[in-house]
Structures are given as structure tokens and as C-alpha cells.
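# Per-entry structural report
So the chains spell out like this:
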Amino acid sequence: LELGGGFTNMQQPLQQPLQQQLLLRVLRLQYNEEEPVLDLSMLTQLEDLVAAIQPGRTVLPPQLKRLRATNYKSVGDLSALTQLEDLTAAIQPGQSVLPPQLQSLRVKNLVEDDGLAVIMQQQQLRRLRMEVTFEEPQLLLRLKQLPGLQHLHLEYCEAQHAAGTAAAWAQLPQLKALEVT
């Protein structure tokens, strides 16, 4: 199911059909206005969700396997999502708690040195995509401590961040993609 458009004053009408036990496996919600507060717990077959998430106010079904949070609000505690393998979201130290079984992570917000703390807790992580906003190569080398990491994709929007961390690139065999824009 894919819903899109302006949901101004649509929270209640939108919530009602989503409270039924629909057999949806994929749900994509796109809002032009502020994201509604949604309870998706009744969607017991849902595996793949693309939507703006309100931390602490969007109730997610625990069996989700893929979540793409389309907004830039940091996700909160996702530890109850025991099947989640693939996440695209903004993260924030002290706010974001990611499930330990996570296999793939694309960080939507800028990763500074403190943002690595959330990432470094993901010992099962195999794929990581993030935008680097620091210049210290030793911070980037911390990613070598992730035992399962096989594919690393680094994005840079500032040339000085790329130049500053370039010395670490050759020491990261997991590095498979670089973007400098």
C-alpha cells in the first residue's frame, strides 16, 4: 500500500484503516505536512515501512525487517524491533537505541565523532553508509572494530573532511564506495 499527499487534519481518518488487521507486507507513507502520529501495531504482517517517524509517538510493529525513516528526526528506541535488519534513519547519541541484530544501516544525518558511538554498538552490522563530518582519520579507523562490517560507503560534502580522513581509507578494506560532492 502506498499513500501520499497532504495529510493535514487526516490523522484520525488515516489511523482508522490502519487499525484493521490488514495483511500488508509493505507500506509507504509520504506526507506533505507534518507527520501524523500513527499506531501501526495492528499490521502484524508488515515487514517493510517507508515513512516519517515521530520518535516515541509512532508505534511500530515488532516484526519489521526494513525501516526507512524519511524525515530527519532522530529515531528513538528501536530495540523492540527484534526482526529489524535494514535501517535508514537519522540517529543521535543519547536518543537512538538500535537493535543488536541490525545488518544494514544508512545514517541520514551528519555523523560527527559522537555519532560514531551509536554505530559502534552495532556488532552485527554488515553494511554501513554514512556522511562523514569530521577530519580525524583515527575516528574513521574505529569502524575497523566492527567485526561483521563488509561494505562501507562514505559520503563527504566538505572537501576538508575528505582530505582529513583520506589517510585512513587504505586501512579500511571494507570501504567499497566514496562520494565527495
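In this report, we go over the structure that sits alongside the text. (Residues numbered from 1 in each chain as written. Predicted model: local features only at pLDDT ≥ 70, side-chain atom pairs only at ≥ 80, totals over all residues. Heavy atoms only, no water.)

## Some points on the side chain of His 153
Rules: Secondary structure elements are taken from DSSP: a helix is a run of H or I of four residues or more, a strand is a run of E of two residues or more, and numbering for both begins at the N terminus. For this analysis, residues touch if any pair of their heavy atoms sits within 4.5 Å.
Summarising the element assignment, His 153 is placed in strand E8 (residues 151-156). Once residues lying within four places of it in the same chain are set aside, the contact partners of His 153 are Leu 128, Arg 129, Met 130, Ala 177 and Glu 179.

## Details of the pairing of E8
The test is simple: In this scheme, a residue with accessible area under 20% of its type's maximum is buried, one over 50% is exposed, and one in between is partly exposed, where area comes from a 1.4 Å probe on protein chains only. Any two strands with at least two DSSP bridges between them are considered paired. Viewed with both strands pointing away, a crossover whose connecting path from the first strand over the helix to the second turns clockwise is right-handed.
Within E8, five of the six residues are buried, which leaves it mostly tucked inside the rest of the structure. One ladder, built from five bridges, connects strand E7 (residues 127-132) with E8; its direction is parallel. Across the sheet, residue Glu 131 finds its bridge partner in E8, namely Glu 155. Direction of pairing for E8 relative to strand E9 (residues 175-180): parallel, over a ladder of five bridges. Opposite Leu 152, over in E9, you have Leu 175 as the bridge partner. With helix H4 (residues 159-169) bridging E8 and its parallel neighbour E9, the resulting β-α-β unit is right-handed.

## Brief notes about the nonpolar core
Here is the rule: By convention a nonpolar core is built from buried Ala, Val, Leu, Ile, Met, Phe, Trp, Tyr and Cys residues, the set being connected through side-chain atoms within 4.5 Å.
In terms of nonpolar packing, the biggest core is built from 49 residues, with Leu 49, Leu 67, Ile 119, Leu 128, Met 130, Leu 140 and Leu 143 touching the most fellow members. A total of four residues in this core trace back to one element, the largest contributor, which is helix H2 (residues 116-120). Filtering out sequence-adjacent residues up to four positions away, Leu 128 remains in contact with Leu 105, Val 107, Ile 119, Leu 143, Leu 149, His 151, Leu 152 and His 153.

## Observations regarding H4
Quick reminder of the rule: It is the directions from the helix axis to the C-beta atoms whose arc is reported.
Within H4, burial applies to His 161, Ala 162, Thr 165 and Ala 168. An end-on view of H4 places all buried positions within 95° of arc, on one side of the element. Summarising the geometry of H4, the exposed residues directed more than 90 degrees from the buried face are Ala 159, Ala 163 and Ala 167. Tucked inside the fold, the buried residues of H4 contact E7, helix H3 (137-141), E8 and E9.

Any functional reading would require information beyond the geometric quantities listed.
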